[in-house]
Amino acid sequence: TMPPTEPPTPVPVCEVSVEITCVDEEGTNCDDIKSTSKQCGEPEELTFVYTAGKCDESFNSQDERCEDSNDGPSSSAFIECRNLNLNVLTEMMVVIGDKITVPLSSSPLTTTISCTITSDDVLAQTLIIDTTAVSLKDTYGSFRLESCDDQNCILPIIYTYSIKNLGANAMEVTRVTRTRGSSEVDLIGIVEDVNLGVGDSTVARETEELD
């Protein structure tokens, strides 16, 4: 008779647990973060982001005056903002994504500011903004309001993915992805330790911005 066939060697099974936490920079759980007031009141300082947008892309709650000149703003520009006395408040070169901070100092002379956007030494856009009626994320031509004083519409948050080996064998973490809607992101590159003994844990941390 034929000797009995050895049973197949069982394939090791990976068994893991994954816990996801979300906190802000101060450790507040994301579920407990209070929404930021959008209205700025009487700010002492405004910070805009340069977008190179044209006047027809404006979206705000005031009847601001925006005028494009020539072909409008380009990816890089020289920015100059003045108060009602035409004193310069800020002037700088920017590219798309750069921040533009305009000090107001609660002065009556800064209740309205005028800004010129120049590209390649040619006037591209003129803005006149009522600083007493601005809200976070308002868009004024090529300017998008990001913050006023300590109010910021962008809040850094940290996702922590805790991975624990629950199985009876050591394992190597080879794939970690995060899916939201139709977007899938590979996180394996930020896993702190991919080799896990029995009962060992590791984490991956991902920083994003909440607006």
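Since this is a predicted model, take the numbers as computed values, not measurements. (Residues numbered from 1 in each chain as written. Predicted model: local features only at pLDDT ≥ 70, side-chain atom pairs only at ≥ 80, totals over all residues. Heavy atoms only, no water.)

1. Description of the environment of Thr126
No. 1: Here Thr126 shows up in strand β8 (residues 122-130).
No. 2: With a relative accessible area of 24%, Thr126 lands in the partly exposed category.
No. 3: The residues contacting Thr126, other than those within four sequence positions of it, are Arg65, Cys66, Glu67, Cys115 and Thr116. (Helix = DSSP H or I, 4+ residues; strand = E, 2+ residues; numbered from the N terminus. Buried < 20%, exposed > 50% of the residue type's maximum accessible area, 1.4 Å probe, protein only. Contact = heavy atoms within 4.5 Å.)

2. Observations concerning the nonpolar core
No. 1: If you look at the biggest cluster of nonpolar residues, it comprises 24 residues, and the most contacted ones within it are Phe48, Tyr50, Ile79, Ile100, Val102 and Phe143.
No. 2: Every element with two or more residues in this core is listed here: β2 (45-50), β4 (76-82), β5 (88-95), β6 (99-103), β7 (112-119), β8 and β10 (143-148).
No. 3: Once residues within four sequence positions are removed from consideration, Phe143 is found in contact with Phe48, Val49, Tyr50, Thr51, Ile79, Cys81, Ile100, Cys115, Ile117, Leu127 and Asp138.
No. 4: Judged by nonpolar contacts, the second largest core, of 13 residues, contains Ile163, Val173, Val191 and Ala204. (Core = buried A, V, L, I, M, F, W, Y, C linked by side-chain atoms within 4.5 Å.)

3. Side note on the environment of Val88
No. 1: Along the chain, the position of Val88 falls in strand β5.
No. 2: Residues Val88 and Ser114 lie 26 residues apart in sequence; the distance between their C-alpha atoms is 9.6 Å.
No. 3: Setting aside residues no more than four positions away along its own chain, Val88 makes contact with Glu80, Cys81 and Arg82.

4. Observations concerning the pattern of salt bridges
No. 1: All told, the structure shown has five salt bridges when counted by the stated rule.
No. 2: Close ionic contact of Glu80 with Arg82 constitutes a salt bridge, the shortest N to O distance being 3.0 Å.
No. 3: Glu80 sits in the buried class, given a relative accessible area of 17%.
No. 4: Exposure remark for Arg82: the relative accessible area of 27% places this residue in the partly exposed category.
No. 5: Two residues, Arg205 and Glu192, come together in a salt bridge whose shortest N-O distance is 2.7 Å. Within this pair, whereas Arg205 is found in strand β17 (residues 201-210), its partner Glu192 is found in the loop between β15 (183-186) and β16 (195-196), the two being separated by 13 residues in sequence.
No. 6: On the basis of relative accessible area, Arg205 is assigned to the partly exposed category, the value being 47%. (Salt bridge = Lys/Arg side-chain N within 4 Å of Asp/Glu carboxyl O.)

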